[in-house]
Amino acid sequence: MNFGLILSTAFMMWKGLSVMSDSPSPIVVVLSGSMEPAFQRGDLLMLWNRNLFSETNVGEIVVYNVKGKDIPIVHRVVRKFGTGPDAKLLTKGDNNAADDTELYARGQDYLNRKDIIGSVVGYMPFVGYVTIMLSEHPWLKTVMLGIMGLVVVLQRE
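The structure presented is a predicted model; accordingly, all values stated were derived computationally and were not measured. (Residues numbered from 1 in each chain as written. Predicted model: local features only at pLDDT ≥ 70, side-chain atom pairs only at ≥ 80, totals over all residues. Heavy atoms only, no water.)

A look at unusual backbone geometry
So, step 1. Geometrically, the link from E36 to P37 is a cis peptide bond, its omega value of 5° lying close to zero.
So, step 2. The topology assignment puts P37 in the loop between β1 (27–29) and β2 (44–48).
So, step 3. In this structure, D22 is a non-glycine residue whose phi angle is positive, near 60°.
So, step 4. With respect to the helices, strands and loops of the structure, D22 is situated in the loop between α1 (2–21) and β1.
So, step 5. Using a relative accessible area of 41% as the deciding quantity, one classes D22 as partly exposed.
So, step 6. A positive phi angle, near 60°, is found at F126, a position not held by glycine.
So, step 7. Residue placement: F126 occurs in the loop between β7 (116–124) and α2 (129–136). (Helix = DSSP H or I, 4+ residues; strand = E, 2+ residues; numbered from the N terminus. Buried < 20%, exposed > 50% of the residue type's maximum accessible area, 1.4 Å probe, protein only.)

Side note on the layout of surface pockets
So, step 1. Of the voids in this model, the largest pocket is the one considered here, and its volume is about 420 Å³.
So, step 2. L7, A10, S25, I27, V28, V29, L31, L44, P72 and T131 together form the lining of the largest pocket.
So, step 3. Of all the secondary structure elements, the ones that give two or more residues to the lining of the largest pocket are α1 and β1.
So, step 4. Per element, the largest residue contribution to the lining of the largest pocket is 3 residues, and it comes from β1.
So, step 5. Broken down by class, the residue content of the lining of the largest pocket amounts to 8 nonpolar, 2 polar and no charged. (1 Å grid on protein atoms, 1.4 Å probe; cavity = no way out; pocket = protein on both sides within 12 Å on 5 of 7 lines; lining within 4 Å. Points joined across faces, edges and corners; volume = space filled by probe spheres on them. Nonpolar A, V, L, I, M, F, W, Y, C, P; charged D, E, K, R; others polar.)

A look at α1
So, step 1. With 20 residues, α1 ought to run about 28 Å at 1.5 Å a step, and its terminal C-alpha atoms sit 28 Å apart, in line with that.
So, step 2. Looking at the residues trailing α1, positive phi occurs at D22, about 60°. (Expected span 1.5 Å × (residues − 1).)

Topic: the side chain of T56
So, step 1. In this fold, T56 is placed in the loop between β2 and β3 (61–64).
So, step 2. Judged by relative accessible area, which is 2%, T56 ranks as buried.
So, step 3. If sequence neighbours within four positions are ignored, T56 has contacts with N51, V62, V77, K80, L89, R113 and I116. (Contact = heavy atoms within 4.5 Å.)

Quick notes on the packing of aromatic side chains
So, step 1. In this structure the tally under the stated criterion is 3 aromatic pairs.
So, step 2. Each ring, one from Y64 and one from Y104, has its centre 5.9 Å from the other, and the planes form 70°; the classification is edge-to-face. Here Y64, found in strand β3, pairs with Y104, found in the loop between β5 (88–92) and β6 (111–112); they are 40 residues apart in sequence, far enough to count as distant. Here Y64 and Y104 have matching classes, each one buried.
So, step 3. An angle of 65° between the planes, with centres 5.1 Å apart, marks the rings of F81 and Y110 as edge-to-face. Remark: Y110 occurs in the loop between β5 and β6 and F81 occurs in strand β4 (residues 73–81); sequence separation between them is 29 residues. (Phe/Tyr/Trp six-rings, centres within 6.5 Å; stacked < 30°, edge-to-face > 60°.)

Nothing here speaks to function; it is all geometry.
So this is what it looks like as structure tokens:
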């Protein structure tokens, strides 16, 4: 019963954050070193996607999805063409030599505002390393689930 409450509370908090930030993924983990020294691999980023009073500007760090790929990319906007929802954005990792045109979907030269999941508004260093470890070492998931199951069984009254 307690375990179910914990899971449902976590899910409701996630959905609440999604609605508040207007982002399908309000928290993401930096998976590579492309944004060093600004962000390190394993940093947990908090996103905001409600540009009510201002739009995405050059220099802003954004997280975007590429069509056909399921991994969010954290990079800085280095160029902007136009204004409003039709603006075209070009991004680049701080630690990369070239811009992101090679990362975009085939036939796509720039990002549209709708491609952006959110802008980075805060971060917690290295907190997301747990997620990286679990994805790189699948056996850790089994160990963690086993420990959680054991705790649930041992805490029954």
